[in-house]
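Chain and residue survey
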Amino acid sequence: MTTASDPFPASTPSAPVPFLQIKRVVKTFDEVFAVDEVTLNIEKGEIFALLGSSGCGKSTLLRMLAGFEQPSSGQILLEGRDIVGLAPYERPINMMFQSYALFPHLTVWQNIAFGLRRDHMPKAEVKARVEQMLELVQLQSYAKRYPHQLSGGQQQRVALARSLAKRPRLLLLDEPLGALDAKLRERTQLELVGIIEQVGVTCVMVTHDQEEAMTMATRIGVMNEGKILQIGRPTEIYETPDCRFVADFIGSVNLFSGQLAVDESDHAIISSPECQHYVSHGITGTPGMPVHVAVRPEKLIIQKGMPSVEERESPAEVGYNLVQGVIHDLAYLGILTTYHVKLSNGTIVKVTHTNAARHDAAHLTWGDAVTVWWCGSDVVVLTR
């Protein structure tokens, strides 16, 4: 039953609805679709990442959740209630901006307390809540400092503490680590996830950083031109992309264009100008149909000679999934070496080799003739 004090009652077992429902939401600016028919369900306790390049519509969608923009059409339901008509301050939602938006004239303690005081919370409760947030983000000894006296990572934690202080049902993060340098960002990702999970708040974040999304999110929605192209766990998005855009956008990938030549229940063969591709499962397609083959660089094996029959995943793959060329370029990155192998038709195949031992691949260098091969189980076939 809804009460005046709590217009967003918790869902009951008799009404198991998703925590957040986005139903066919559209947002246009001057007849241009910024968000185009987006439908999405987010469960309670999830950290959901909207991932895409600049201008794909992810920030516009986040702003509609916060109430800073209104949808042109569609519904946004939080715990079963449509919140589209509510002002930002009427929604049990807080948003942490990329700039952190800390008040420079207020101390850390005062910044965290700001929203609580605006809500006229009793002083004793404000004090208790702020102390709780300071402990949560491990900034108790920084309570009297001003934002300019903090590092970027500390400012980020203050902004998070302020966002969580009002105990929102939904936390929105807009490029939460975009202002941090690479090393600090890497360390802060897991730290931020730990704090969010400890509080138990549901979180929607937007980012263009693939590593950030893969590290922090329980599920990812990849956006392009206002649409969500694929939703899944990080492993699903990376290992089994369902379209060329997602395969190319997430991480690094080798893409080959070809035609479906054979399609059986246990395997398929795809012809491309580079080689014949053997796939260790059926495609359920029509022979002759155009497809793309995607293989991640770390799945490829590079060597000077030809692979033996014993090295192949199955005898049926001998003669397939193999190209020959010369090392056109390479980059030693410590933990791994990346090779760019140029084929006779000019195609560049990228291979990532993990340097598991010192001088592991020192025998391969520029201009070397090499064979590159891969297993049929590592091939992803894309029909769109």
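Described in the following lines is the structure provided in the data block.

Parameters and conventions
- Residues numbered from 1 in each chain as written.
- Predicted model: local features only at pLDDT ≥ 70, side-chain atom pairs only at ≥ 80, totals over all residues.
- Heavy atoms only, no water.
- Salt bridge = Lys/Arg side-chain N within 4 Å of Asp/Glu carboxyl O.
- Helix = DSSP H or I, 4+ residues; strand = E, 2+ residues; numbered from the N terminus.
- Buried < 20%, exposed > 50% of the residue type's maximum accessible area, 1.4 Å probe, protein only.
- Pairing = 2+ DSSP bridges.
- Axes fitted to C-alpha atoms, helices over the stretch in contact; angles between N-to-C directions.
- Contact = heavy atoms within 4.5 Å.
- Phe/Tyr/Trp six-rings, centres within 6.5 Å; stacked < 30°, edge-to-face > 60°.
- Lys NZ or Arg CZ within 6 Å of the ring centre and 35° of its normal.
- Parallel < 35°, antiparallel > 145°, perpendicular 65-115°, else oblique.
- Left-handed = near helix turned anticlockwise from the far one by under 90°.
- Nonpolar A, V, L, I, M, F, W, Y, C, P; charged D, E, K, R; others polar.

Overview of the pattern of salt bridges
Throughout the structure, instances matching the rule amount to 12 salt bridges. In this structure, the salt-bridge partner of arginine 157 is glutamate 191, at a minimum N-O distance of 3.5 Å. Of the two residues, arginine 157 is situated in helix α4 (residues 152–165) and glutamate 191 in helix α5 (residues 182–199); the sequence distance between them amounts to 34 residues. A relative accessible area of 14% means that arginine 157 is categorised as buried. Among the ionic pairs, aspartate 368 bridges to lysine 304, the shortest N-O distance being 3.8 Å. Of this pair, aspartate 368 sits in the loop between β18 (348–354) and β19 (369–373) while lysine 304 sits in the loop between β15 (301–303) and β16 (322–332), and the two are 64 residues apart along the sequence.

Comments concerning the sheet that holds strand β9 (residues 219–224)
Either a parallel or an antiparallel arrangement is found when strands of a sheet pair, and the pairing is made through backbone hydrogen bonds. Spatially, six strands are ordered β6-β7-β8-β3-β9-β10 in an open sheet, and the strand pairing comes out mixed. What marks the edges here is a single partner per strand, and that holds for β6 (93–96) and β10 (227–232). Strand-to-strand, the axes of this sheet are offset by a mean angle of 20°, without reference to chain direction.

A short note on the sheet that holds strand β2 (residues 32–42)
The strand order β2-β1-β4-β5 describes an open sheet built from four strands, whose pairing is antiparallel. Where the open sheet ends on each side, the last strands, each with one partner, are β2 and β5 (81–82). Pairing of strand β4 (residues 73–78) with β5, which is carried by two bridges, proceeds in the antiparallel orientation. When the sheet's bridge partners are listed, leucine 78 is paired in β5 with arginine 81. Where helix α1 (residues 58–66) meets the sheet, it contacts β1 (20–29), β2 and β4, and its direction lies at approximately 115° from that of β1.

Details of the packing of aromatic side chains
For the coordinates displayed, the defined rule picks out five aromatic pairs. Between phenylalanine 245 and phenylalanine 249, the aromatic rings sit 5.6 Å apart at their centres with planes inclined by 10°, giving stacked as the arrangement. Taken together, the residues phenylalanine 245 and phenylalanine 249, both in helix α8 (residues 244–249) and four residues apart, mark about one turn of the helix. Given the relative accessible area of 28%, phenylalanine 245 is considered partly exposed. Stacked on the ring of tyrosine 238, the Lys or Arg arginine 296 has its end atom at 4.1 Å from the ring centre.

Notes on the packing of helix α2 (residues 108–118) against α4
At a closest axis distance of 8 Å, the pairing of α2 and α4 adopts a crossing angle of 25°. The angle between α2 and α4 falls in the class roughly parallel. Relative to α4, the crossing made by α2 is right-handed. Taking contact as the criterion, the partners of Val108, Asn111, Ile112 and Leu116 in α2 are, on α4, Val158, Ala161, Arg162 and Ala165. Among the residues forming the contact of α2 with α4, the class breakdown is six nonpolar, one polar and one charged.

A few points about α2
Every buried residue of α2 is listed here: Val108, Trp109, Asn111, Ile112, Ala113, Gly115 and Leu116. Contacts made by the buried residues of α2 are with α3 (123–136) and α4. The positive-phi residue at the C-terminal boundary of α2 is histidine 120, with phi of around 60°.

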